[in-house]
Amino acid sequence: MSVAFCFSLSFSSGVPPVALPEWFMRADFEHNAEGRLTIRHAKGTAAALIDLNVDGKVMLSLIKESQRHPITQKFLHIDIMEIDPKSLMTAAIPVRAIGEAYGVKTEGGTLAIVSQTVNVRCLPENLPEFIEVDVTELKVNQSIHVGALKAPKGITFPGDPQRVVVVCSEMA
């Protein structure tokens, strides 16, 4: 991955140097009259890929991490990294279980999402908001591993293909 800049925004006053509403995860930022960054448009809720406008230069960027105050939920820290739109990138994408597991429905089991995110490697234009995992056929004492996931077009799953994503267990 080619990175032109990487910076962090930290603030302890409770007032972030950027105005970020709840749905900021895929958004376009722009400077307002006071010189602060604000959001123009949200594109989704999971992958934190944004167009960041800094002094008239638009840079494709990735929000790597954000931290909030545990009580007020105000932003305390945001890590932002510029992304080259023509280079492959790796990002952690949330997992979404779809369907009702056979083991839950007919065998009295419980379903657990063991890995809340899965690493994907792709061009920024192919970055998904989430990875769907169909659990419909999953029986008690079975699991789904990264290697069994269906990768959307243009996406690969780097890392351990044996990493467990979802498991159906017996009730204790």
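It should be emphasised that the depicted structure is a prediction, and the values quoted were computed from it without experimental measurement.

About the thresholds
Residues numbered from 1 in each chain as written. Predicted model: local features only at pLDDT ≥ 70, side-chain atom pairs only at ≥ 80, totals over all residues. Heavy atoms only, no water. Core = buried A, V, L, I, M, F, W, Y, C linked by side-chain atoms within 4.5 Å. Buried < 20%, exposed > 50% of the residue type's maximum accessible area, 1.4 Å probe, protein only. Helix = DSSP H or I, 4+ residues; strand = E, 2+ residues; numbered from the N terminus. Contact = heavy atoms within 4.5 Å. Pairing = 2+ DSSP bridges. Axes fitted to C-alpha atoms, helices over the stretch in contact; angles between N-to-C directions.

Colleague: Would you mind showing me how to read the nonpolar core here?
Modeller: Considering soluble globular proteins, one finds that nonpolar side chains tend to be buried as a cluster. Membership of the largest hydrophobic core comes to 27 residues, with the highest contact counts inside it found for V120, L127, V133, L149 and V165. Counting residues per element, the ones that place at least two in this core are strand 5 (57–68), strand 7 (89–98), strand 9 (117–122), strand 10 (131–134) and strand 12 (164–169). The element that contributes the greatest number of residues to this core is strand 7, accounting for 4 residues. One finds I50, L52, I78 and I80 within the second-largest nonpolar core, a separate group that totals 5 residues.

Colleague: Mind showing me how you'd approach the environment of A101 here?
Modeller: Locating A101 in the fold gives a position in the loop between strand 7 and helix 1 (102–105). Sequence separation between A101 and L138 is 37 residues; the distance between their C-alpha atoms is 5.2 Å. In contact with A101, not counting residues within four places along its chain, are L111, V135, T136 and L138.

Colleague: Can you walk me through the sheet that holds strand 9 in this structure?
Modeller: Pairing in this open sheet of 3 strands is mixed, and the strands run 9-7-10 from one edge to the other. Bordering the open sheet on either side are strand 9 and strand 10, each of which pairs with just one other strand. Going from strand to strand, the sheet's axes swing by 40° on average, the running direction of each strand aside. Pairing analysis gives 6 bridges linking strand 7 to strand 9, with the strands arranged antiparallel. Paired with T90 across the bridge in strand 9 is R121.

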